[in-house]
Amino acid sequence: MRIVVENVAKTFIDSKREVTALQNINFSIENQEFIVLVGPSGCGKSTLLNIVGGLLSPSDGSIYFEGTNDKPNLAIVFQEIALFPWRTVFENVVYGLEEKGASKQEIQEKGQHYINMVGLNGFEKAYPKQLSGGMKQRAGIARALCIEPDLLLMDEPFSALDAQTRTLMQEELLTIWNRTKLSTLYVTHNIQEAVYLADRVIVLSRHPGTIKQIIQIDMPKTGRDSVQNREQFEKYSNQIWDLIRHDAQEALLEG
Ligand SMILES: Nc1ncnc2c1ncn2[C@@H]1O[C@H](COP(=O)(O)OP(=O)(O)OP(=O)(O)O)[C@@H](O)[C@H]1O
């Protein structure tokens, strides 16, 4: 499936003011592509992700899902994973499958498969309150993977985690992606995370949010952070930071 975002704009209107959060947004997500949206605070990253995910409607423009006649299957992972506290890890992970009316056998097999994939085997019967932040995030990812979505949407999924857990989760996400090759739209503030994960990075500018540049990361999907690749990794990181710096400074001053 290919996703086309065409001329999307979004204006929020409330009693006090009108905010044009996005304007003239055009890009595609090719089948099995990992796209990362980066940009300073308030540039409209989450708004765009929510529009592609169908949680918000655009004020203008359209999203097309090419190559499918059915309603596309989308899964979203947020920064704060909302697990059902009264359900075990396993029951949380298979929630979407149950909703779809999957058979008992399918629920059992897929649930276990994705729990194993995110490294939560042994914790199937644990409840969310017994899990660390990183483990909750893994459970949320397994829940999203379990419905085998056409598109995985992730909005700063690791930003509430400590730096070391975050690095490990990035590595695991890449391993999972190499196995599943799911088309993914991923939002982050973090430039290194973007260069580490993306096939293409979309850099947004703010007020209103428009696409400043789309950068193809021409590096193999494994070992990007290795010593041999350091120079190229830094080249991409610097290129993106140069595009964002001015807007980020403005965002800082505006608070
Ligand atoms: N429901 C809303 N009502 C009014 N304005 C909104 C609403 N949601 C977002 N905005 C505004 O739209 C702009 C983009 O917000 P959005 O949250 O998408 O940015 P972001 O890039 O994800 O920011 P951050 O990185 O800080 O999470 C901001 O100016 C924000 O204040």
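Keep in mind that this is a model prediction, so the values were computed, not measured.

Conventions adopted
- Residues numbered from 1 in each chain as written.
- Predicted model: local features only at pLDDT ≥ 70, side-chain atom pairs only at ≥ 80, totals over all residues.
- Heavy atoms only, no water.
- Near = heavy atom within 4 Å.
- Polar contact = N/O pair within 3.5 Å; in protein donor to acceptor, adjacent residues only side chain to side chain.
- Areas by Shrake-Rupley, 256 points an atom, 1.4 Å probe, with all protein chains shown as cover.
- Helix = DSSP H or I, 4+ residues; strand = E, 2+ residues; numbered from the N terminus.
- Nonpolar A, V, L, I, M, F, W, Y, C, P; charged D, E, K, R; others polar.
- Salt bridge = Lys/Arg side-chain N within 4 Å of Asp/Glu carboxyl O.
- Buried < 20%, exposed > 50% of the residue type's maximum accessible area, 1.4 Å probe, protein only.
- Phe/Tyr/Trp six-rings, centres within 6.5 Å; stacked < 30°, edge-to-face > 60°.
- Lys NZ or Arg CZ within 6 Å of the ring centre and 35° of its normal.
- Domains from an automatic or database assignment.
- Buried area = accessible area lost by both parts, 1.4 Å probe.
- Lys, Arg positive; Asp, Glu negative; His and termini not counted.
- Contact = heavy atoms within 4.5 Å.
- Pairing = 2+ DSSP bridges.
- Axes fitted to C-alpha atoms, helices over the stretch in contact; angles between N-to-C directions.

Peer 1: Sorry if this is basic, but what is going on with the site of the ligand here?
Peer 2: All residues in the neighbourhood of the ligand are listed as F12, V19, A21, P40, S41, G42, C43, G44, K45, S46, T47 and H189. In this structure, an oxygen atom belonging to the ligand sits 2.9 Å away from a main-chain N or O atom of G42. At a separation of 2.8 Å, an oxygen atom of the ligand approaches a polar side-chain atom of K45. For the ligand, whose free accessible area comes to 630 Å², the fraction covered by protein is 65%. Breaking the shell around the ligand down by element, the ones donating at least two residues are β2 (18–29) and α1 (45–52). Considering every element that reaches the shell around the ligand, the biggest residue donor is α1, with 3 residues. Taken together, the residues of the shell around the ligand break down into 5 nonpolar, 6 polar and 1 charged.

Peer 1: Help me understand the pattern of salt bridges, please; the structure alone is not making it clear to me.
Peer 2: Where charged atoms from two side chains of opposite charge approach closely, those side chains can pair. A full pass over the atoms with the stated rule returns 9 salt bridges. Between R138 and E172 there is a salt bridge whose closest N-O contact spans 2.9 Å. Taken together, the positions of R138 in helix α5 (residues 133–146) and E172 in helix α6 (residues 163–180) put the pair 34 residues apart, joining distant regions of the chain. Judged by its relative accessible area of 17%, R138 is buried. In this structure, the salt-bridge partner of R166 is E193, at a minimum N-O distance of 3.1 Å. A residue pair is termed long-range when its members are at least 10 positions apart, and R166 in helix α6 and E193 in helix α7 (residues 191–197) qualify at 27 residues. Each member of the pair, R166 together with E193, is buried. A cluster of three or more residues bridged by salt bridges with shared partners is formed by R2, E30 and E66.

Peer 1: Any chance you could explain the packing of aromatic side chains here in plain terms?
Peer 2: Two aromatic rings, taken as a pair, are described by how far apart their centres are and by the angle between their planes. Taken as a whole, this structure holds 5 aromatic pairs when the rule is applied. Centre to centre, the rings of F34 and W177 are 6.3 Å apart; their planes meet at 70°, and the pair counts as edge-to-face. Of the two residues, F34 sits in strand β3 (residues 34–38) while W177 sits in helix α6, which places them 143 residues apart along the sequence. No difference in accessibility class separates F34 from W177, as the two residues are buried. Three or more aromatic residues link up through ring pairs in this structure, and these residues are F34, F158, W177 and Y186. Above the plane of the ring of W177 lies K221, whose end atom (NZ or CZ) is 3.5 Å from the centre.

Peer 1: It is not clear to me how the domain arrangement of the protein should be interpreted in this structure. Could you clarify?
Peer 2: Where interface size is given, it is often the accessible area lost as the parts come together that is meant. As far as domains go, the protein holds domain 1 (2–72 + 150–254) and domain 2 (82–148). Each of domain 1 and domain 2 was reduced to a C-alpha centroid, and the two centroids are 26 Å apart. Summing both partners gives a buried area of about 1,000 Å² for domain 1 against domain 2, and 74% of it is carried by carbon and sulfur. Across the contact surface, domain 1 and domain 2 share 1 salt bridge. The tally of links from domain 1 across to domain 2 stands at 2 residue pairs in polar contact (both at pLDDT 80 or more).

Peer 1: Quick question: what am I supposed to make of the side chain of D247 here?
Peer 2: As for its placement among the helices and strands, D247 is situated in helix α8 (residues 230–254). No salt bridge is formed by the buried D247, whose closest oppositely charged neighbour, K212, lies at an N-O distance of 4.2 Å. A distance of 3.1 Å separates a polar side-chain atom of D247 from the backbone nitrogen of R206. Contacts of D247, omitting those with residues within four sequence positions, involve P40, S205, R206 and K212.

Peer 1: Would you mind showing me how to read the sheet that holds strand β1 (residues 2–13) here?
Peer 2: Backbone-to-backbone hydrogen bonds join strands into a sheet, with any given pair of strands oriented parallel or antiparallel. Strand order across the open sheet formed by 3 strands is β2-β1-β4, with antiparallel pairing between neighbours. Pairing within the sheet leaves two strands with one partner each, and these edge strands are β2 and β4 (60–66). In this sheet, adjacent strand axes meet at a mean angle of 15° when their direction is disregarded. The pairing of β1 with β2 spans 8 bridges and is antiparallel. Looking across to β2, one finds that V8 is bridged to I25.

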